[in-house]
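In case you want the letters, here they are:
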Amino acid sequence: MEQRLANTWRMTVNEKKFIESALLSGLRVDGRNVYDYRKLSINFGKEDGSAEVHLGQTRVMGFVTSQLVQPYRDRPNEGSLSIFTEFSPMADPSFEPGRPGEFAVELGRVIDRGLRESRAVDTESLCILAGKLVWAIRIDIHILDNGGNLVDAANVAALAALLTFRRPECSLGGENGQEVIVHPPEAREPLPLIIHHLPIAVTFAFFSDESTLVVDPTHQEEAVMAGRMTATLNTNGDICAIQKAGGEGVPQSVIMHCLRIAATKAADITVKIRDTVEAYNTERALRKIKRHSAPVALDVSGTGPNVRKNQVKSQDQRKVSGSVGSQVDKLKPSNERNDSDQSNDIEGKMVTKSFEQGGTNSKDGKPRSFIGGPSS
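Residues numbered from 1 in each chain as written. Predicted model: local features only at pLDDT ≥ 70, side-chain atom pairs only at ≥ 80, totals over all residues. Heavy atoms only, no water.

Labelled according to an unreviewed UniProt entry, the chain appears under the name Protein ECERIFERUM 7, originating from Rhodamnia argentea. The annotation that UniProt attaches to the chain under Sequence similarities (unreviewed entry) is "Belongs to the RNase PH family." (UniProt positions renumbered as here; feature names shortened; annotations may be inferred.)

Attention now goes to the overall build of the chain. Secondary structure summary: the chain contains 8 helices and 14 strands in total. The buried share among the 376 residues of the chain stands at 38%. Pairs at least 24 residues apart make up 71% of the contacts formed inside the chain by residues separated by at least 6 positions. Here the chain has roughly 22,700 Å² of accessible surface; of this, 53% comes from carbon and sulfur atoms. (Helix = DSSP H or I, 4+ residues; strand = E, 2+ residues; numbered from the N terminus. Buried < 20%, exposed > 50% of the residue type's maximum accessible area, 1.4 Å probe, protein only. Contact = heavy atoms within 4.5 Å. Areas by Shrake-Rupley, 256 points an atom, 1.4 Å probe, with all protein chains shown as cover.)

Now for the packing of helix 4 (residues 150-164) against helix 6 (residues 252-287). Following both chains from N to C, one finds helix 4 and helix 6 inclined at 35°, their axes separated by 10 Å at the closest point. Judged by the twist between their axes, the crossing of helix 4 over helix 6 is right-handed. Residues V156, L159, L163 and T164 of helix 4 touch helix 6, and the partners they reach there are I269, I273, V277 and Y280. (Axes fitted to C-alpha atoms, helices over the stretch in contact; angles between N-to-C directions. Left-handed = near helix turned anticlockwise from the far one by under 90°.)

For the coordinates displayed, the defined rule picks out 2 aromatic pairs. Arranged with centres 4.8 Å apart and planes meeting at 35°, the rings of F44 and Y280 form a pair that is tilted. One end of the pair, F44, is in strand 1 (residues 40-44); the other, Y280, is in helix 6, and 236 residues separate them in sequence. Centroid distance F87 to F103: 5.8 Å. Interplanar angle 85°. Geometry classified as edge-to-face. Of this pair, F87 sits in strand 4 (residues 80-87) while F103 sits in helix 3 (residues 102-117); the two residues are 16 residues apart in sequence, bridging distant segments of the chain. (Phe/Tyr/Trp six-rings, centres within 6.5 Å; stacked < 30°, edge-to-face > 60°.)

So, about the nonpolar core. In terms of nonpolar packing, the biggest core is built from 63 residues, with L115, I139, I141, I143, F204 and I273 touching the most fellow members. The greatest single-element share of this core, amounting to 12 residues, is contributed by helix 4. Those residues within four positions of I273 in sequence are excluded, and the remaining contacts are I42, V156, L159, L163, L198 and I200. (Core = buried A, V, L, I, M, F, W, Y, C linked by side-chain atoms within 4.5 Å.)

What follows covers the pairing of strand 1. By the bridge criterion, 5 bridges tie strand 1 to strand 2 (residues 50-55) in an arrangement that is antiparallel. Paired with L40 across the strands is L55, a residue of strand 2. Linking two consecutive strands that pair antiparallel, namely strand 1 and strand 2, is a turn of 5 residues; a positive phi of about 95° is found at G49 within it. (Pairing = 2+ DSSP bridges.)

Under the criterion given, the structure shown has 14 salt bridges. The salt bridge partner of R59 is E52, with a shortest N-O separation of 2.8 Å. By relative accessible area, R59 is classed as partly exposed at 32%. The structure contains a network of salt bridges with shared partners spanning D30, R32, R38 and D216. (Salt bridge = Lys/Arg side-chain N within 4 Å of Asp/Glu carboxyl O.)

Strand order in the open sheet formed by 4 strands is 12-11-13-14, with antiparallel pairing between adjacent strands. In the strand order of this sheet, the two ends are held by strand 12 (213-215) and strand 14 (239-247), each with one partner. Each strand of the sheet is rotated relative to its neighbour by a mean of 20°, with strand direction disregarded. Where strand 13 (residues 227-233) lies against strand 14, 6 bridges are found, and the strand directions are antiparallel. Across the sheet, T230 pairs through a bridge with Q243, a residue of strand 14. Strands strand 13 and strand 14 of the sheet are contacted by helix 3, whose axis makes an angle of about 160° with strand 14. Packed onto the sheet, helix 4 meets strand 11 (200-206) and strand 13 and runs at close to 175° relative to strand 11.

With that settled, consider helix 2 (residues 13-24). End to end, helix 2 covers 17 Å across 12 residues, agreeing with the expected 16 Å (1.5 Å per residue, within 8%). Residues of helix 2 that are buried: I19, A22 and L23. Summarising the axial view, the buried residues of helix 2 lie within an arc of 100°, below the 170-degree limit, and thus occupy one face. Residues of helix 2 that are exposed and angled more than 90 degrees away from the buried face: V13, N14, K17 and L24. G26 lies just past helix 2 and shows a positive phi near 80°. (Expected span 1.5 Å × (residues − 1). Arc of directions from axis to C-beta.)

Further remarks concern unusual backbone geometry. Backbone geometry places R119, a non-glycine residue, at a positive phi of 55°. With respect to the helices and strands, R119 occurs in the loop between helix 3 and strand 5 (127-129). Non-glycine residue D216 carries a positive phi angle of around 55°. Note on placement: D216 falls in the loop between strand 12 and helix 5 (219-224).

Right, dumping it as structure tokens:
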């Protein structure tokens, strides 16, 4: 609650009265309706298991890591799931470095209760060797900018990071089959976590009038609100957790009305998360496809390039010899050119005559196929 009190100290009385009077008229400072969410966008990092969520001016980053540890004695066949929050003074001046404050502890517990109590993550699939080694999943939530409603933004960041996280695949080997072998990503494809459903947190802010409530309160509305309630539901309408912070009491009819609104908002946010994660997985699969350059025909014997060069060289030589020969013919006297032309005509007639004779080269005079060339 120290974060809300710090916001109250920074606001003037006129600002508080303006926000309250606008809410009584069904209006909000940012122009939204009382049951509207701000724009939600999800971005993923280069590594698997990292997600950054923008909810209006609120920015939260979630990062998931894993480690092989010994299981708890009462649950030898189940892994563990833990959540840690970090509030940076750059996000809000009321956040102090060092030991987490009351609001940081409350934020982590609300998200942890929605994930673990509803058993959204299959912890039994994290067991590698019963009673000896299991996977411990850790979710780190970093608050980058506080624009209000940190609980909902941090919950979406945690879910998006869990959906894109991949843990290394393990196998048992050794002489007795009790040795755990962790395969690198180059050898075997990492495995995703088994998540049964997505518990979505929806936060409501109550004001002095019990009938006045808003969804997704902003930074200024949190400084004026008299109470807050966070309902965690999945897309099936199942209530995973409810957390009511201090303040004025809320009647049962108002709580049931909030749960109906939360079920609708949870379904919309679930579709948003799944569509974004599916697009990321498609892009991730395309990045892993090895693309080769266009095939180039190569001569294995090693004579192809030389032959090509010789052919080009011979063509060039023929062109040069032809051009030189034409120039030499031009320089010859006219009588010599006439004699050479006549000799060429005589040779051509002799060759033609020999071909004609070869076509009927038989005693009976019958034509037959020509074999061989003309005799000199």
